[in-house]
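Below are the chains, spelled out letter by letter.
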Amino acid sequence: MNHPPQLTELKARLHEIYDLEMTAALLNWDQTTYMPPGGAVARGRQLATLGRIIHEKQVDPVIGRLLDALRSYEESLPPDAPDAALIRVARRDYERATRIPAAFTAELYQHMAASYDVWSRARPANDIGAVLPYLERTLDLSRRFAEFFPGYEHIADPLIDMADYGMRATTIRQVFAELRQGLIPLVEQITAQPPIDDSCLRQFFPKEQQLAFGVEVITALGYDFTRGRQDTTLHPFMTKFSLNDVRITTRFDDHDLGSALFSTIHEAGHAMYEQGITLEFEGTPLASGTSAGMHESQSRLWENIVGRSRPFWEHFYPRLQATFPNQLAHVPLETFYRAINRVERSLIRVEADEVTYNLHVILRFDLELALLEGTLAVRDLPEVWHERYRSDLGVTPPDYRDGVLQDVHWYGGLIGGAFQGYTLGNIMSVQLFDAALRDHPDIPHQIAQGRFDTLRAWMREHVYRHGRALDADDILRRVTGKSLDVQPYLAYLRRKYGELYHIAIDA
Ligand code: ZN
């Protein structure tokens, strides 16, 4: 069948939405990097105006009519043809957007802004009482949101679907239970060993040298600075204004070498995914990573599987020592390698090591489900949070600030779907890395020589270039022959940390 005229019109309309979204992203980026404080009020208004125009265009009935008219063309194509993928994903987005009444969206945005504002003051003040009424209302809005998608199996499913399309609460709950069962004894065995000394990372490291070294590392990994740039912010993130302009931000701590370095690699991992999407998809809804979990699989792959590996530092450690001779010249590679992989029971998710990190996430995911199911009341949440930290991580938060108030997610967004992507990403990262290793067993050897092109090209071929044309599960099945599987991830952790802590790990 010939290229139908309705497709040309659909693409033109989608391109307009894309351009407006990228413009909003640019205003957001500027707000968190260079905007003077005086710009805040106008910027908030500009973003609200853009958001309203974007929403109007997304739910325009003309898009619905074009999608209907294109159904027979879509059915005449193989499902993985770019046009078929474009129409399928555009329809998914349109159906989602039109189910949510504009009045609800307005109420939600207003509440989120108020809730975020209260939280940002309540957290430093440890004032749990101030946020609870807002959290009640967030839970109510989250349930109402789910009700716009009737026919779900679990009330969290519509919320999970927004971030990790196709994933279900029951599947994730099973996968996470299996992971938790493997992690808890592993953490016990590791923390029974003498703690690793990581004081070599806690010396004074001037920001300028940290920045220069980070740039050297991510350039070698393959982050393309001709199609991106790096700036400083309070909270690191990745954003894009087109497939040829994908930016990252970093924050520096003068007394913690790992903080900026690993977050730079993490954000560069997200960015390389976006930079690797086929340019043919530019201006369409396919021009984006396919899910929160798949995105996180790439940031975590480059940060942890590559960036915290021994081969990586066999190559980069002499360079790091040359950058910081006073601090590191007398610190052996092995001491440094152990320091960057120190495992400890801790309170804060974003500072957690590779082994305990998922326990922080699973706990939040379980609490989200319980809140949405109605088996946990908001007023009981702060104490239940403390109980789960005691039982899963063996630590007791001394206050709410580092307890239930620590993450922004529930205070600036809905409850449900906010956390699972982090752990799904960790699980998938090892499934994908193992698949790349099967095709190219010499990847670790290449990494030790500072060569990352084979691994990056493999990821580009099997993951990046597809954008949203393939769902996360399609990608996993194509390259590994199966869906989400925690066993390779547990095997990776047991192998790495068994060796690091000199312990025989029970299978
Ligand atoms: Zn990330």
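Our structure's up above, just so we're on the same page.
Residues numbered from 1 in each chain as written. Predicted model: local features only at pLDDT ≥ 70, side-chain atom pairs only at ≥ 80, totals over all residues. Heavy atoms only, no water.

> What is the right way to read the coordination of the zinc ion from this model?
Ideal geometry at a metal centre gives angles of 109.5 degrees when four donors are arranged tetrahedrally and 90 or 180 degrees when six donors are arranged octahedrally. Coordination of the zinc ion by the protein comes from His-266 (NE2), His-270 (NE2) and Glu-296 (OE), over a distance range of 2.1 to 2.4 Å. One chain supplies every donor to the zinc ion, and in sequence these donors are spaced H-x3-H-x25-E. Within this pair, whereas His-270 is found in helix H11 (residues 257-275), its partner Glu-296 is found in helix H12 (residues 292-306), the two being separated by 26 residues in sequence. (Donors = N, O, S within 2.8 Å, 3.2 Å for Na, K, Ca; no water. Helix = DSSP H or I, 4+ residues; strand = E, 2+ residues; numbered from the N terminus.)

> Would you explain the environment of Arg-92 in this entry?
Along the chain, Arg-92 falls in helix H5 (residues 82-99). Excluding residues that lie within four positions of it along the chain, Arg-92 makes contacts with Tyr-165, Arg-468 and Asp-471. There is a polar contact of 3.3 Å between the side chain of Arg-92 and the side chain of Asp-471. (Contact = heavy atoms within 4.5 Å. Polar contact = N/O pair within 3.5 Å; in protein donor to acceptor, adjacent residues only side chain to side chain.)

> How should I be thinking about unusual backbone geometry in this particular structure?
Negative phi values dominate among residues other than glycine, just as trans dominates among peptide bonds. Of note in the backbone geometry, Asn-126 takes a positive phi value of approximately 60° without being a glycine. With respect to the helices and strands, the residue Asn-126 is situated in the loop between helix H6 (102-125) and helix H7 (128-147). In this structure Asn-126 comes out as partly exposed when scored by relative accessible area, which is 24%. Of note, the phi angle at His-502 is positive, near 55°, even though the residue is not glycine. With respect to the helices and strands, the residue His-502 is situated in the segment after helix H23 (487-500). His-502 sits in the exposed class, given a relative accessible area of 64%. (Buried < 20%, exposed > 50% of the residue type's maximum accessible area, 1.4 Å probe, protein only.)

> Would you explain empty space enclosed by the protein in this entry?
Unoccupied space between atoms shows up once a probe the size of one water molecule is rolled over them. One pass over the structure, following the stated rule, counts three cavities of 30 Å³ or more. Lining the largest cavity we find Gln-210, Phe-213, Gly-214, Phe-252, Leu-257, Ala-260, Leu-261, Thr-264 and Leu-320. At the level of secondary structure, the elements contributing two or more residues to the lining of the largest cavity comprise helix H10 (207-221) and H11. When residues of the lining of the largest cavity are assigned to their parent elements, the largest contribution, four residues, is made by H11. (1 Å grid on protein atoms, 1.4 Å probe; cavity = no way out; pocket = protein on both sides within 12 Å on 5 of 7 lines; lining within 4 Å. Points joined across faces, edges and corners; volume = space filled by probe spheres on them.)

> How do you make sense of the pairing of strand S3 (residues 245-250) when you look at a structure like this?
When a strand is regular, its side chains alternate between the sheet's two faces. Among the six residues in S3, five count as buried, and that is most of the element. Two elements, strand S1 (residues 230-232) and S3, share three bridges in a ladder whose sense is parallel. Counted as the bridge partner of Thr-232 is Thr-250 from S3. Note that strand S2 (residues 238-242) and S3 share four bridges and pair antiparallel. In the strand pairing of S3, Ser-242 is matched with Asp-245. Between the antiparallel neighbours S2 and S3 lie two residues. (Pairing = 2+ DSSP bridges.)

> Please explain the packing of helix H9 (residues 169-191) against H23 as it appears in this structure.
The relative placement of two packed helices is expressed as an angle between their axes plus a distance between the axes. Contact geometry of H9 with H23 gives a least axis separation of 10 Å together with a crossing angle of 5°. By the criterion of interaxial angle, the relationship of H9 to H23 is roughly parallel. Of H23, the residues touching H9 (which contributes Glu-178, Leu-179, Gly-182, Leu-183, Leu-186 and Ile-190) are Gln-487, Tyr-489, Leu-490, Leu-493, Arg-494 and Tyr-497. Of the residues belonging to the contact of H9 with H23, the class tally is eight nonpolar, two polar and two charged. (Axes fitted to C-alpha atoms, helices over the stretch in contact; angles between N-to-C directions. Parallel < 35°, antiparallel > 145°, perpendicular 65-115°, else oblique. Nonpolar A, V, L, I, M, F, W, Y, C, P; charged D, E, K, R; others polar.)

> Whenever I open this one, the packing of H9 against helix H16 (residues 357-373) confuses me. Can you help?
Remark: H9 packs on H16, axes separated minimally by 10 Å, with the N-to-C direction vectors making an angle of 140°. H16 is crossed by H9, and the crossing has left-handed handedness. Taken together, the residues of H16 that come into contact with H9 (itself represented by Ala-169, Ile-172, Arg-173, Phe-176, Leu-179, Arg-180, Leu-183, Ile-184 and Val-187) are Asn-358, Leu-359, Ile-362, Phe-365, Leu-369 and Glu-373. Broken down by class, the residue content of the contact of H9 with H16 amounts to eleven nonpolar, one polar and three charged. (Left-handed = near helix turned anticlockwise from the far one by under 90°.)

> Just checking my understanding: could you explain the nonpolar core for this structure?
Most often, soluble globular proteins keep nonpolar side chains buried together rather than apart. Ranked by size, the top nonpolar core spans 128 residues in total, and within it Leu-221, Trp-302, Phe-312, Trp-313 and Trp-410 carry the most contacts. Of the residues forming this core, the biggest block, eleven residues, is contributed by H16. (Core = buried A, V, L, I, M, F, W, Y, C linked by side-chain atoms within 4.5 Å.)

> Explain the packing of aromatic side chains here, please?
Any pair of aromatic rings gets described here by the distance separating the centres and the angle formed by the planes. Inspection of the entire model under this criterion finds 25 aromatic pairs. Relative to Phe-149, the ring of Phe-145 lies with its centre 5.6 Å away and its plane at 40°, an arrangement referred to as tilted. For Phe-145, a relative accessible area of 6% puts it in the buried group. Here Trp-313 and Phe-336 contribute two aromatic rings whose centre-to-centre distance is 4.8 Å and whose plane-to-plane angle is 70°, an arrangement assigned as edge-to-face. With Trp-313 in helix H13 (residues 310-323) and Phe-336 in helix H15 (residues 333-339), this pair connects stretches of sequence that are 23 residues apart. Judged by its relative accessible area of 1%, Phe-336 is buried. Through pairs of rings, three or more aromatic residues link up here, namely Phe-213, Phe-312, Trp-313, Phe-316, Tyr-317, Phe-336 and Phe-452. Lying over the aromatic face of Tyr-165, Arg-92 brings its terminal NZ or CZ to 3.4 Å of the ring centre. The ring of Tyr-422 has Arg-349 sitting right over it, with the charged end atom 4.7 Å from the ring centre. (Phe/Tyr/Trp six-rings, centres within 6.5 Å; stacked < 30°, edge-to-face > 60°. Lys NZ or Arg CZ within 6 Å of the ring centre and 35° of its normal.)

> Is there a simple way to think about the sheet that holds S1 in this case?
Read across the open sheet, the three strands follow the order S1-S3-S2; overall the sheet is mixed. Edge positions in the sheet fall to S1 and S2, since each has one partner strand and no second. The average undirected angle you get between the axes of adjacent strands in this sheet is 30°. Its contacts with the sheet place helix H1 (residues 5-33) against S1, S2 and S3, and it is angled at close to 135° to S2.

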